[in-house]
Structure formats: C-alpha cells, structure tokens
Amino acid sequence: MAICKNYLSVNDKSRDAAAYLMSKFLTRPDVKQDLLPQCLDWMMQTLKTADYNNVQGRSQLCGVLSSLALLFQHGKREDLLQFAPTVLKVVLEADLEKCESCVIRKLLGKLIQRLGLTFLKFRVTAWRYNRGNRSLAANLGGVSTTSNGGGNSELTVGEEDEDIDVPEEMEDIIEHLLVHLKDKETIVRWTAAKGIGRVTGQLPKELADDVVGSVLDLFSFQETDGAWHGGCLALAELGRRGLLLPERLKDVVPVIMKALMYDEKRGNFSVGAHVRDAACYVCWAFARAYEPSDIVCYVDQIANYLIIVSVFDREVNVRRAAAAAFQENVGRQGTFPHGIDILTTVDYFAVGNRPRCYLELSVYIANFKEYTLGVIDHLTDVKIAHWDSVIRELSSKALHRLTACAPDYMATTVLPKLLPLTTGLDLFQRHGAILAIAEILHALYDISKSRGVELVKLLNDDTVEGIQDISKKLQDLKMFKRHGGEYMRTSVCCLIEKCALSKMPFHKKPVLELWQSLIDECLTKIEPEIQAAAVSAIPPFFSEYYTKPDGSVYEDIQESILSHYLTELKSSNQATRQGHSLAIGALPEAVLKGQLSRVMSGVIAVSKITEKEEKMAEARRDAVKALSNICTTVGVSFDGNPEEVICSRNVDVVYQALLQAMRDYTLDSRGDIGAWVREASMQALHDITSRIVKIDSQLLSPDIVRRVFCCLIQQAVEKIDRTRRHAGVLFSNLLYHKPGIPHIPQEEEVKAIFPESLVKVTNWAAEADTYPMFSKLLALPQYTYSVLLGLVVSVGGLTESLVKFSSASLQDYIKSLLHNKTALEGFMKVLLTIFKDHQRDDRVSLPLMKTLDHMLSWGLLENLSTDNEESVPNQIIELIKTEVHKSGSPQKLMAGADVYCGLLQFHGAPRTKCLTHLMILLCHKYPRVRKTTSDKLYEALLTYEDVVSEENTTEIMTVLSETSWDALDMADIRDKRNTLCDLLGIKRPVFLKKT
C-alpha cells in the first residue's frame, strides 16, 4: 500500500496502475476491515490539503480521485456504504469544479456517480422501457417483432419501486452531474452523461422523470454550446438504457431537431459542430432503443432532419454521423420513407464530398416528394445565411438544380420570400439571398423555355419589379461601400449575369446604367473574386442589353466601352489593368467587330515588359489571357478582315506577342513571378494553334510552329515543377493533335522519343520522368538550343532532386558524344552561344557556370582541343572573365573560381590563364571569395597533379592550407599570393590604384 501511495502522484500510466491495484487490494476480504478506514482517512486528508493550483497537488488529487472511483466501482456496497456520506461531503467541500484541470473534473464526475450508485441499492427497475428482441429481416420486410413483454412502456410499478428509499445525498449528486454536463471539456461532459444514465437507472420513475426534465432544461439558447452537447449525450445514454419513456418523446424529439440545426454564429465563424454530431448520436441511439410503433409519428420529422444534415452540414464528420444515424434508423425502424433507395446513393462515403452533396445528392433526394420542400426550405431559410461564403454559394447553386423539382413553388413562394432579405441587416443573408435569386431565376428560364412560355409568365409583376430594384436599393442604402461591400458586388454581378442569361425585360431601363457603372467599378477592385464576377457578367450583359435585333451593337455604346477600357489599360494601378484586360478578353464578338486591331494593340502593349511596369506580372498575365480569349471570340479566317477576325495579316502579330511573353522571367520577393506570364502564354499558344489548325492550317508558318515547340520544350525542362507539368501537357497535346499540326520540326524523330502511349501516362512534373525524355532532343539540331537553355538552368539549380536528374540526363548525353569529337565540339559551341546570348543575365549565366563546373568534374571534356585561341577552353575562360568582371555577387565569383579550377585539367594557355585569374581572386575584396578560391585551388592541385612541379608541390600546398585567406590584413595575403605566383611560374598580378 505504501508503494501504491507513492505512485499515485506520478505520471498518468503509473497513477492509473497504482489506483487499480489499490482498489483491488482494499476490496479483498482479508484486508479490507483493517486497511480500508486508514486508507480512506489518508485520501480524505489529501483531498482537504492538496492544492490544485500547482502541479504536485494536481497529481495527488488525480491519484486519489482515481483510486476512490475505482474503489467504489469494484467494492461491495455493504462495505462502502458507511463511508460514502463522509467521502461525498469531503469531495464537495474541496470545490474541485473550479480546477482548471479537465482530468480532475472528469475523475470528480466519475467518483460522484459511483457514490450515487453506492447510495442506491442495485436493482433492475420495473418501469424501464424494454424493446426486447429485434429482427433486422423483419424490419426490412415491414414487420416488427418483439419478445414477450418487450416494447411495453406501461409496465406496472411494483411495491419495490414504491418503497425505494432515496437518500438526501442523491440530490447533490444529480445536481453536480447536471453541472458537469455543461462543462467546457468534452471528456467531462461525456463522463457526466454516463453517470446520469447509470444513476437514473436506479431511481424511481417519478424521480427519473424529474432528471429527464432537468436534462431537457439544458436545451435553452441562454445556455452554452457545452450544455447542448452534454444534454444530447445524456439523452442518448438515457434512451440507450431504456430510461427515456415513449411518452417523453413528444418533448425530446423537438429538442433534438433543434440540436441537429444548432449553429451559433460568433463573428466570422460559428460553433456547434459537436452539438450536431451528438444530436446524430441521439438519433442513432433512438433507432436501437424504440419500437417502430412508438416512434412512427416522428419518423417524417427525424428523416427530413437527418437527411438535411447528412447532405448540407458544413463539417464532414457531422454529415457522416447523420448518414450513419439515417442508415441505422432505416435498418432498425424500417419506416423511413424511401430509406433503402436513399441509402444506396447517400451513403457514408458519398457524403464526404461537400460539392457533390449540394449539387448531386440533394437533387436525388428532392426527387422524393417527402423530402422536396424540406430540402428547399432548409437552403432558403438557413444555408443562404450561413457564415461561410462557400456554403452560401453552394446553396445557391443547389437551389438552381432543385428548381426543376418544384418550379412553381420556387416562383410563387421562394422568390417572394427571398426578395425582402436582399436589403436586410444581416450581411451574410443579403449575399446569400441575392445569389439564390439569381440562380433560381436562371433555372426558371430554362424551365420556361422547355414549356414554350416567357419567363415573366411564371413570375408575378411584384417579383419582376423587386428583382429590378435590388441594385438600386443597395446603392441607396450604401451597401456597396459598407463593411462586406465585396460580397454585395460579387452577388449583384452574378444577378446581372443571370438576368441577362434569363433575358429579363430590362432593355433600355435606367437600371442598365447602374449595372454598367457597378461592373466598371468592380473591374478596378484588387480582390480577384470581384473582378472575376464582373468579367463573368460582361458577355451575357452586353450581348443581351447592348445588341440590336440584327446582332450588331449600338455604335455609341461600343465606342464608349472600348475607349474607356483601353484607356484604363494604361493605368498605373495594377488591379485596374488586370480587371480591364480580363474585361476586354470577355467582350462579345459584336463589340469587337470593326475594332479588332485597335483592341489587340492595346492588349499587346500591356503584355510587354517595360522598365516602369516590370513588377506588374499579374497584369501581363491577364493581358495574355485576354489576347487568347479575343482570338477565340472573333474566330479565324485566312482571307478575313483583320478588323474582324484572325487572318493572314494579323496572325503573326498575335504569335509575336505571345512568344515575346515567353521570355518573361521577372523576379521579386515572391520569386519567379514571370512564370505566371509564361504559363498563360503557353496556354494561349496551345489554344490559338489548336483553333487555327481546326479551321485553316495555312495560317501556321514553319517558323511559327518551330518557335512554339521550342518554347514549350524549353519550359518543360526548367526548374519550376508547375511550369514543367503545364508545358509537358501542352507539348504532348500539340504533338498528337487531331488534326495534326503542320511543319513540326523533325516530327518523326520527336514522336519516336515521345510515343503516344507514353505521353498519356507521363507525370510531367516528375524530374525522373521528364529529363531523361527531353534530354534526347539534344541530338536533334532544331531543338538543341532550346533544350540546353532550359537544362542548364535546372542543372545549376538548388533543389537536390532537380539537380540530380537533370545533371544525370545531361551527363548521359555527353557520354554518348565521347567517340564523336565533332559532335561534342558542336554541342559545346551551342552551350557557349547560350552563354554569349545571356551574358550578365544572372538567371542563366550563374546556373550555366555551375553546369560547366559539373561537366568539367565529370571528366568528359578532356578530348577538347586547346591548340588555338578559338578552342572551347579558351572561349570558356574569356566568357567567365567577362561575366565576373566588376561583379559584386559572391555566388557568381565563386562559381567562376570553380570553373577556373576545373579548366586546370587542360594544358597550355588555358591552364596559365586560369591560374592567373585564380591568383587575382585570391586577393579579392570579399573574404568569403578568397577563402573559397583557396580551398577549390587546393582540391584542384590534388586532383590534377601535373599542374605544378614536384619540387614546389609541398610548399604550394602549405601556403594554401596554412594561410588565413579570410583575414583582414590584405598586405600579408598579397605577399602570400605573390609567393604562389612565383612557385607556379606565372606573372604576379599588378594592383591598380583607383584614381
């Protein structure tokens, strides 16, 4: 016992083991009479003196409470009853409910319920509801069976029940358990719920009913979410144990239905998922607890609520809990309408995908008339006002699809109900109501078309007038400029789009001017979702309300719109440029007709990099997208009018702009922001090329096709995974396009490298898949430059896996050229051409120097000749010299030193030049450069032993290794450097003083 006492205040596992051993030991017949009073006195003293505000005190309290709970659980009632009042008094006086430790509060609840069970003599209560034996097969067949005496809640309460003596202490015990049901921690509430169930099972019927009433009192909106959760757990326990009689269901079911919908809004979030989950558990427990005949009058209500929660709840765990409860009720009760049919579709796994729940499963359920109005009403009454904007948007889209299930109800009941909500005080409700009206209106238009009647015939005049006045009322109330104005803008833009698509009769009404100004304002906002909503509204709005009956647009409106939008493209605000670029790309064909060259010139100007707008990568990206959309809108014709279509006279302008955008490698603090422009340009090249081929491939010249494929191939071997994947997919699509793309350079060889069966399963973002395939294109002269340009950027990159696979692919290709000196020199010539073309361009030059270092370290360039000034090693030296001259980048200087050291393997002039440049770097102003250069030179001299004579080797190595090259005394360092020059037999560098 002494050992157990010591372990009661240690860690959790030791404490639990010690408590269990102590409880078992004290309940043994041979020791309990002697030790039990002593141990209880020690425990009571600990409860009185331990301080739960410090760690040691909390550990002691946990050990004692656990021991007492287990003791009263395993001990005999007649042995412990005499101590129970004392223990209860001490426990309650300790006031442990105020302790912050949830473990202590949980153990306290566990002990209190065990004390309650000790005060009450164990018995099987006669009044308890007993469902009896059940048959799942009988339920599914529509027949319920029970054993004798099962399912009868009117059992006679015998004399035993009437004569039960309930101690006064039970009132305190039940009160404390009810308080614990409202605790802020779930484990405490769960323990209290089980305690309520256990204790209630030993009470007389009248007192048990009072307990049920007290639990039901917890379901008040003045109580916290914890009280609702604890109440649900308690009701589930009571129902599972047969202590919740059928006559109480009329009070319980409405409460549980409220709990299934419980969602308490707190700012921009809500609480209540745990309450709804517990309410689903109650429904699950009821399915197992009651006869179908007892619950049949509540079936429709429970079924509707469970199906709504399983499909529309925001949280996946709650949806799955509701689906499980629905399934249990279908199986156990057998009375849920269309239960089996719904279960086959709306199962546990199907409800895991929220968009599918709203847009597919809800429609399937609504096709059953018992659920149709319940599903629609829930969306219009609850979900369109949800705090999460995603839920509101999904709800409106769901209403669009549900309109076909009850079109008349939507037109005559739902729309009039939603209209007043569009100008209410609740921001979320306003947003959801406007979206819902827009979606329902569009769905009703489709239905009116199928019926061969006008939409206004389905709507009353007040509804049409109300829809027209929504934006005016919001503007008068200044809702667009208040908090949440972004929601109002996006929802009204959606309403504009749907009204236009539904051909609402607002032509030449004043509301059109308001809508146009709202769209123009939204195009200047920085939020992408607002711009996207406005851009989405433009095509149907302009086509419906600005177009004449013959299909042409009003000239004054066309000139006004184009002048305004093209002017805004020159704005210094990037968001304004983005919005108006996308807007121009969304303009319908009628607005662009006759003004195509003017519009394209404006968009192309925005897509170009200028010194002033260099960082506006998003604006250039959207301009590229707009150019692609314009080409798609106006169409293609070889001999067409360049002011109306893409033709032979303007197709080169389009391709030139897109190919120019492929050179956008702008960098800022976010990284390679130019990648956004390149990806948009790649997509545009693919889309336009595909469209041209399908209509008239004569527009594609061999030069255009070659440049398009070279650009895609270069991007497919660069360092950004996302860009590589995008380029690889587009490249494979164009390579095997139907109909085929003409003039693909060396098409047969390319298709041999990229078989159609292989490109369909290739993961283009995976380095291990991409680089080995594309590196084979180095052997094709038409693609060598582009492949190598992208490859050197990857080989000289920073990511380990990227460098590993790209360098391995390059190494394998160079190995294949070892027996063909001419081919190797031709390959190096292309590499040096890339170096010359990108001199002083750190994006290419720095990785290229690293690539040269890798190639030299592989020892695959030894066969290159060095007998003339135009030899490859001499050219490399001159290019490196030019690149690092007056450079302030330590990384570039060190990369140059690495290449110089690698070139020491070549004899003659290259070696002398490299040593001279290395000696200069040994006295560079950056200590880091000096130190790194000395280390690299030391390693190179060990590798290439013939660089220095044997008699000077030891001294040179000593100077390199023992000199502190990163010291600040430059005079001493210069002396050491000059010593090395003398030992190496090269001319000392001359220090030039600045004048």
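Residues numbered from 1 in each chain as written. Predicted model: local features only at pLDDT ≥ 70, side-chain atom pairs only at ≥ 80, totals over all residues. Heavy atoms only, no water.

## As for the overall build of the protein
Scanning the protein for helices and strands turns up 51 helices and four strands. In terms of C-alpha radius of gyration, the protein reaches 41 Å, well past the compact-globule figure of 30 Å for 995 residues. For the protein, the spread of C-alpha atoms along the principal axes amounts to about 120 × 90 × 55 Å. In the protein, buried positions account for 55% of the 995 residues. Taking all contacts inside the protein whose residues are at least 6 apart in sequence as the whole, residues at least 24 apart take part in 70%. With an accessible surface of roughly 43700 Å², the protein has 50% of that area assigned to carbon and sulfur atoms. Between the centroid of the 115 positive side chains of the protein and the centroid of its 127 negative side chains there is a distance of 3 Å. (Helix = DSSP H or I, 4+ residues; strand = E, 2+ residues; numbered from the N terminus. Rg over C-alpha atoms; globule rule 2.2 N^0.38 Å. Buried < 20%, exposed > 50% of the residue type's maximum accessible area, 1.4 Å probe, protein only. Contact = heavy atoms within 4.5 Å. Areas by Shrake-Rupley, 256 points an atom, 1.4 Å probe, with all protein chains shown as cover. Lys, Arg positive; Asp, Glu negative; His and termini not counted. Charge placed at Lys NZ, Arg CZ, Asp CG, Glu CD.)

## Points about the packing of helix α17 (residues 299-312) against helix α18 (residues 316-332)
The geometry of α17 relative to α18 is characterised by a closest axis approach of 7 Å and an angle of 145 degrees between their N-to-C directions. The way α17 lies across α18 gives a crossing that is left-handed. Of the residues in α18, those touching α17 at Ala 303, Leu 306, Ile 307, Val 309, Ser 310 and Val 311 are Val 318, Arg 319, Ala 322, Ala 323, Ala 325, Phe 326 and Asn 329. Looking at the contact of α17 with α18 residue by residue, the class counts come to 10 nonpolar, two polar and one charged. (Axes fitted to C-alpha atoms, helices over the stretch in contact; angles between N-to-C directions. Left-handed = near helix turned anticlockwise from the far one by under 90°. Nonpolar A, V, L, I, M, F, W, Y, C, P; charged D, E, K, R; others polar.)

## Considering unusual backbone geometry
A negative phi angle characterises most non-glycine residues, just as the trans form characterises most peptide bonds. Cis geometry is found at the peptide bond from Lys 738 to Pro 739, where omega equals -5 degrees. One can find Pro 739 in the loop between α38 (721-735) and α39 (747-753). The phi angle at His 338 is positive, at roughly 55 degrees, despite the residue not being glycine. Assignment of secondary structure puts His 338 in the loop between α18 and α19 (339-343). Residue His 338 is classed as partly exposed on the basis of its relative accessible area of 30%.

## A look at the side chain of Arg 105
Position of Arg 105 among the secondary structure elements: in helix α7 (residues 102-119). In this structure Arg 105 touches Leu 96, Glu 97, Cys 99, Glu 100, His 180, Asp 183, Lys 184, Glu 185 and Val 188, once residues within four positions along its chain are discounted.

## So, the layout of surface pockets
Size it by volume and the second largest pocket reaches roughly 640 Å³. In terms of lining residues, the second largest pocket is bounded by 24 residues, among which Met 662, Arg 663, Cys 711, Gln 714 and Leu 789 are the most central. Elements that contribute at least two residues to the lining of the second largest pocket include exactly α35 (651-661), α37 (702-716) and α42 (781-795). Per-element tally for the lining of the second largest pocket: the top contributor is α42, with seven residues. (1 Å grid on protein atoms, 1.4 Å probe; cavity = no way out; pocket = protein on both sides within 12 Å on 5 of 7 lines; lining within 4 Å. Points joined across faces, edges and corners; volume = space filled by probe spheres on them.)

## Describing the packing of helix α48 (residues 909-921) against helix α51 (residues 970-984)
Relative orientation of the contacting elements α48 and α51 amounts to 165 degrees, with a least axis distance of 10 Å. Classified by the interaxial angle, the pair formed by α48 and α51 is roughly antiparallel. Considering the relative orientation of α48 and α51, their crossing is right-handed. Every residue of α51 that contacts α48 at Leu 915, Met 919 and Ile 920 is listed here: Arg 977, Leu 980, Cys 981 and Leu 984. Each residue belonging to the contact of α48 with α51 can be placed in one class, and the counts come to six nonpolar, no polar and one charged. (Parallel < 35°, antiparallel > 145°, perpendicular 65-115°, else oblique.)

## Points about the pattern of salt bridges
This model, assessed by the stated rule, comprises 47 salt bridges. With a closest N to O distance of 3.0 Å, Arg 248 and Asp 209 form a salt bridge. Linking Arg 248 in the loop between α13 (225-240) and α14 (249-260) with Asp 209 in helix α12 (residues 205-216), this pair joins segments that are 39 residues apart in sequence. A salt bridge links Asp 664 to Arg 620, with the nearest nitrogen and oxygen atoms 2.6 Å apart. Taken together, the residues span a long stretch of sequence, with Asp 664 in the loop between α35 and β3 (667-668) and Arg 620 in helix α34 (residues 617-634) at a distance of 44 residues. Here the two residues Asp 664 and Arg 620 agree in accessibility, since each one is buried. Counted as one network, the salt bridges with shared partners bring together Asp 209, Arg 248 and Asp 251. (Salt bridge = Lys/Arg side-chain N within 4 Å of Asp/Glu carboxyl O.)

## Digging into the packing of aromatic side chains
A full pass over the atoms with the stated rule returns 26 aromatic pairs. On the numbers, 5.9 Å between centres and 75 degrees between planes, the contact of Phe 709 with Phe 731 is edge-to-face. Highlighted residues: Phe 709 in helix α37 and Phe 731 in helix α38, separated in sequence by 22 residues. In this structure, Phe 709 and Phe 731 share a single accessibility class: buried. Ring geometry for Phe 731 and Phe 754: centres 5.1 Å apart, planes at 70 degrees, overall edge-to-face. (Phe/Tyr/Trp six-rings, centres within 6.5 Å; stacked < 30°, edge-to-face > 60°.)

## Topic: helix α24 (residues 427-451)
The first and last C-alpha atoms of α24 sit 36 Å apart over 25 residues, in line with the 36 Å expected at 1.5 Å per residue. The buried fraction of α24 is high, at 20 of 25 residues. For α24, the N-terminal capping position is held by Asp 426, with its side-chain oxygen 3.0 Å away from the main-chain nitrogen of Phe 428. (Expected span 1.5 Å × (residues − 1). Polar contact = N/O pair within 3.5 Å; in protein donor to acceptor, adjacent residues only side chain to side chain.)

## Topic: the side chain of His 229
Tracing the backbone through its elements, the reader meets His 229 in helix α13. The buried category is assigned to His 229, whose relative accessible area is 6%. Not counting the four nearest positions on each side in its chain, His 229 is found in contact with Thr 186, Arg 189, His 274, Val 275 and Ala 278.

## Observations regarding helix α22 (residues 389-402)
Between the first and last C-alpha of α22 there are 20 Å, a value that for 14 residues agrees with the 20 Å anticipated at 1.5 Å per step. Taken together, the buried positions of α22 are occupied by Ser 389, Ile 391, Arg 392, Leu 394, Ser 395, Ser 396, Ala 398, Leu 399 and Leu 402. Sitting at the amino-terminal end of α22 is Asp 388, which places a side-chain oxygen 3.0 Å from the backbone nitrogen of Val 390.

## What about the confidence of the model for the protein?
Overall, the predicted model of the protein reaches an average pLDDT of 89, with 93% of residues at or above 70. In this model residues 142-159 is a low-confidence stretch, pLDDT under 50, and it forms 34 contacts with partners more than four residues away in sequence or in other chains. (pLDDT = per-residue confidence, 0-100.)

## Describing a negative patch on the surface
Residues Glu 168, Glu 171, Asp 172 and Glu 175 make up a contiguous surface patch of negative charge. One can find Glu 175 in helix α10 (residues 169-180). (Patch = residues over 30% accessible without salt bridge, like charges linked within 9 Å, V, L, I, M, F, W, Y side chains within 5 Å.)

## Side note on the environment of Leu 238
Along the chain, Leu 238 turns up in helix α13. With a relative accessible area of 0%, Leu 238 lands in the buried category. Each C-alpha atom, one on Leu 238 and one on Asp 95, is 28 Å from the other, the two residues being 143 residues apart in sequence. Setting aside its immediate chain neighbours within four residues, Leu 238 contacts Ile 196, Gly 197, Thr 200, Val 212, Leu 243 and Leu 244.

## Some words on the environment of Ser 887
Turning to its location among the elements, Ser 887 is positioned in the loop between α46 (872-884) and α47 (890-902). The exposure class of Ser 887 is buried, given its relative accessible area of 11%. With 47 residues separating them in the primary sequence, Ser 887 and Arg 840 have C-alpha atoms 9.3 Å apart. Once you skip the residues sitting within four places of it in the chain, Ser 887 turns out to touch Lys 892, Leu 893 and His 924.

## A closer look at the environment of Arg 843
Here Arg 843 lies in helix α45 (residues 842-858). Judged by relative accessible area, Arg 843 falls into the buried class, the value being 18%. Taking C-alpha positions, Arg 843 is 8.2 Å from Tyr 665, a pair spaced 178 residues apart along the chain. Leaving out residues up to four positions away in the same chain, Arg 843 has contacts with Tyr 665, Glu 718, Val 793 and His 838.

## Topic: the state of the cysteines
Among covalent bonds in proteins, the disulfide is the one between the sulfur atoms of two cysteines. A full pass over the atoms with the stated rule returns zero disulfides. There is no disulfide at Cys 283, and the cysteine sulfur nearest it, in Cys 280, is 6.3 Å away. Judged by relative accessible area, which is 2%, Cys 283 ranks as buried. Cys 711 takes part in no disulfide bond, and the closest cysteine sulfur to it belongs to Cys 710, at a distance of 7.1 Å. Judged by its relative accessible area of 17%, Cys 711 is buried. (Disulfide = S-S within 2.5 Å.)

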